[in-house]
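In case you want the letters, here they are:
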Amino acid sequence: MSAIDTLPPLRQVIMDHDLTAKKSLGQNFLLDLNLTAKIARAAGDLSKCDVLEIGPGPGGLTRGLLAEGARHVLAVEKDSRAMGALNEIAAAYPNRLSLINGDALAIDPLAQLTPPIRVCANLPYNIGTELLIRWLTPREWPPFWTSLTLMFQREVAQRIVAKPRSKAYGRLAILSQWRADARIVMELPPEAFSPPPKVSSAVVHLTALPQPRFPADAKKLQALTARAFQQRRKMLRASLKPLSPDMEDILTSVGIKPTQRPEEIGLEAWCALSRALD
Ligand code: SAM
């Protein structure tokens, strides 16, 4: 294990602070500081940015972000057992790490961040998709973040970058690619984590576009695609019928055949349909 800083190795930190991983908190820790530094580098140039990290745990990625030069890191961790280890990192990097002990779903950390802001996190799997959807569907665009560099289960990462006519294509691909460039930048086997999860993981890097690729209302696009893909084998005239008695005409008016299935419809047509239903 390389020394990216003078702090103790992560296995030692976990022992010293009694941080036995809890499944209920989605705790699968990264212990290789070379790997966490690599993830931090995938987030881009951090030197002029504040970084929001969700779920720092014992702080492997936090240390990577700081060692890679992040101007300031704000880390939100639900598990109070981790605060001792995180405070030690804060002491080693004076004035560059702030900590919030709380639930990322319930906290609005924006007041403590100065733009430009990048988000970088090895997310707890149980809240990863929900956080991503929130970050992709704020009221105002551009959002508070310039990029998101996020670890997901590989299957979720594939859904984010999926193209039409593939099994993984759905609401997540549409919402992600509508307002951001999204690509998988790293794949990690279960053994990269302690304890190893059941499935492989992947890091996705999303860069916010200055404006969405096509006009649409975020909440409406989200609701429409959620409904359509809930019954992905059904023709759109059937799955979307409850939305309007004139559904077939509306579909035809935006160039969609009523007999098409949701996975055949590209981003531009989804946005056009969402506007037509408005
Ligand atoms: N970043 C660390 C790493 O890479 O080793 C830990 C990643 S682990 C997959 C997820 C972390 O998120 C855990 O530390 C867990 O306690 C924390 N967590 C779980 N639910 C959370 C929530 N609702 N808000 C903030 N942190 C949460």
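Right above here is the structure, for reference.
Reading the values: rules and limits
Counting from 1, residues in each chain are numbered in the order their sequence is written. With the structure being a predicted model, the display of local features is reserved for residues of pLDDT at least 70 and the display and counting of side-chain atom pairs for 80 or more, all residues being used for whole-chain, interface and lining totals. Side-chain numbers come from the whole structure's heavy atoms, not from hydrogens or water. We count a stretch as a helix when DSSP gives it H or I for four or more residues in a row; a strand needs E for two or more, and each element gets its number in order from the N terminus. Here the globule rule is a power law, 2.2 Å times the number of residues to the power 0.38, and the radius of gyration is based on C-alpha atoms. Only protein chains enter the accessibility calculation, which uses a 1.4 Å probe. A residue is then buried if its area is under 20% of the maximum for its type, exposed if over 50%, and partly exposed in between. Neither His nor the chain ends contribute to the count of charged residues, in which Lys and Arg are positive and Asp and Glu negative. For the purpose of locating charges, the reference atoms are NZ of Lys, CZ of Arg, CG of Asp and CD of Glu. Here, a salt bridge means any Lys or Arg side-chain nitrogen found within 4 Å of an Asp or Glu carboxyl oxygen. Summary of the distance rule: residues count as near a molecule or strand when at least one heavy atom falls within 4 Å of that molecule or strand. The definition of a polar contact used here is a pair of N or O atoms within 3.5 Å, where within protein one atom must be able to donate a hydrogen and the other to accept one, and adjacent residues in sequence count solely through side-chain atom pairs. Note on areas: Shrake-Rupley, 1.4 Å probe, and residue coverage restricted to the protein chains presented here. A pocket, in this scheme, is an open set of points on a 1 Å grid over the protein atoms alone with protein on both sides within 12 Å along at least 5 of 7 lines, while a cavity is a set where a 1.4 Å probe fits but cannot get out; residues line either one if an atom lies within 4 Å of a point. Being in a pocket or cavity means that more than half of the molecule's atoms lie within 2 Å of its grid points. Charged means Asp, Glu, Lys or Arg here, nonpolar means Ala, Val, Leu, Ile, Met, Phe, Trp, Tyr, Cys or Pro, and polar covers whatever is left, Gly included. Should DSSP find at least two bridges between two strands, the strands are regarded as paired. Working convention: axes come from line fits to C-alpha atoms, limited for helices to the stretch in contact. Angles between N-to-C directions cover 0 to 180 degrees. Grid points are joined across faces, edges and corners, and a volume is the space filled by probe spheres set on the points.

> Mind showing me how you'd approach the overall build of the protein chain here?
When you go through the protein chain residue by residue, the secondary structure sums to 11 helices and nine strands. Relative to the 2.2 N^0.38 estimate, which gives 19 Å for 278 residues, the radius of gyration of the protein chain is 20 Å and therefore close to what a compact globule would have. Its C-alpha atoms give the protein chain principal-axis dimensions of about 65 × 35 × 30 Å. Counting over 278 residues, the protein chain shows a buried share of 50%. Positive and negative side-chain charges in the protein chain, numbering 35 and 27 respectively, have mean positions lying 6 Å apart.

> Would you mind going over the pattern of salt bridges with me for this structure?
Here the idea is simple: oppositely charged side chains can pair when their charged atoms come close. With the rule as written, the count across this model stands at 11 salt bridges. Here Arg81 ties to Asp79 by a salt bridge, and the two come within 2.8 Å at their closest N and O atoms. The partly exposed category is assigned to Arg81, whose relative accessible area is 25%. For Asp79, a relative accessible area of 5% translates into the label buried.

> Even after reading the chapter, I still don't get the site of the ligand, so can you show me in this structure?
For the ligand, the set of nearby residues contains 21 residues, the closest of which are Leu30, Gly55, Glu77, Asp103 and Asn122. The separation between a nitrogen atom of the ligand and a polar main-chain atom of Ala104 is 2.9 Å. Here the ligand loses 99% of its free accessible area of 600 Å² to cover by the protein chains. With respect to the pocket detection grid, the ligand is positioned in the largest pocket. Of all the elements in the fold, those that place two or more residues in the shell around the ligand are strand S1 (29-30) and strand S3 (72-77). Looking at the shell around the ligand residue by residue, the classes come out as nine nonpolar, seven polar and five charged.

> Is there a simple way to explain the sheet that holds strand S4 (residues 97-101) in this structure?
Taking strand neighbours across the sheet as the criterion, the seven strands line up as S4-S3-S2-S5-S6-S9-S7 in an open arrangement whose pairing is mixed. Two strands in the sheet have a free side with no partner beyond their single neighbour: S4 and strand S7 (180-188). For this sheet the average axis-to-axis angle between neighbouring strands, irrespective of direction, equals 15°.

> Just to check I follow, could you spell out the layout of surface pockets for this structure?
By rolling a water-sized probe across the atoms, one finds the places where empty space is left. Considered as a void within the structure, the largest pocket measures approximately 410 Å³ in volume. Lining the largest pocket are 31 residues, and of these Leu25, Gly55, Glu77, Asn122 and Pro124 lie nearest its centre. Of the residues assigned to the lining of the largest pocket, the class counts are 15 nonpolar, 12 polar and four charged. In this structure, the second largest pocket spans a volume of roughly 330 Å³. Considering the residues around the second largest pocket, the lining is formed by 18 residues, among which Ile107, Asp108, Pro109, Trp135 and Phe144 are closest to the centre. The element that contributes the greatest number of residues to the lining of the second largest pocket is helix H5 (residues 125-136), accounting for three residues. Grouping the constituent residues of the lining of the second largest pocket by class yields 14 nonpolar, no polar and four charged.

> How do you make sense of empty space enclosed by the protein when you look at a structure like this?
Taken as a whole and judged by the stated rule, the model has one cavity of 30 Å³ or more. When its volume is computed, the largest cavity comes out at roughly 50 Å³. Along the walls of the largest cavity sit Leu7, Pro8, Val13, Pro58, Arg63, Ala85, Glu88 and Ile89, which together make up its complete lining. At three residues, the largest contribution of residues to the lining of the largest cavity is made by helix H4 (residues 83-92). Residues that form the lining of the largest cavity fall into these classes: six nonpolar, no polar and two charged.

> Explain unusual backbone geometry here, please?
With glycine set apart, most residues show a phi of negative sign, and most peptide bonds adopt trans. Of note, the amide linkage connecting Pro115 to Pro116 takes the cis form, showing an omega dihedral of -5°. Counting through the fold element by element, Pro116 comes out in the loop between S4 and strand S5 (117-122). Here the residue pair Trp141 and Pro142 is connected by a cis peptide bond, since its omega of 5° sits within 30 degrees of zero. The topology assignment puts Pro142 in the loop between H5 and strand S6 (145-153). Phi angles above zero are rare outside glycine, and Asp18 is one such case at about 55°. Mapped onto the fold, Asp18 is located in the loop between helix H1 (10-16) and S1. Although it is not a glycine, Asn95 sits at a positive phi angle of roughly 65°.

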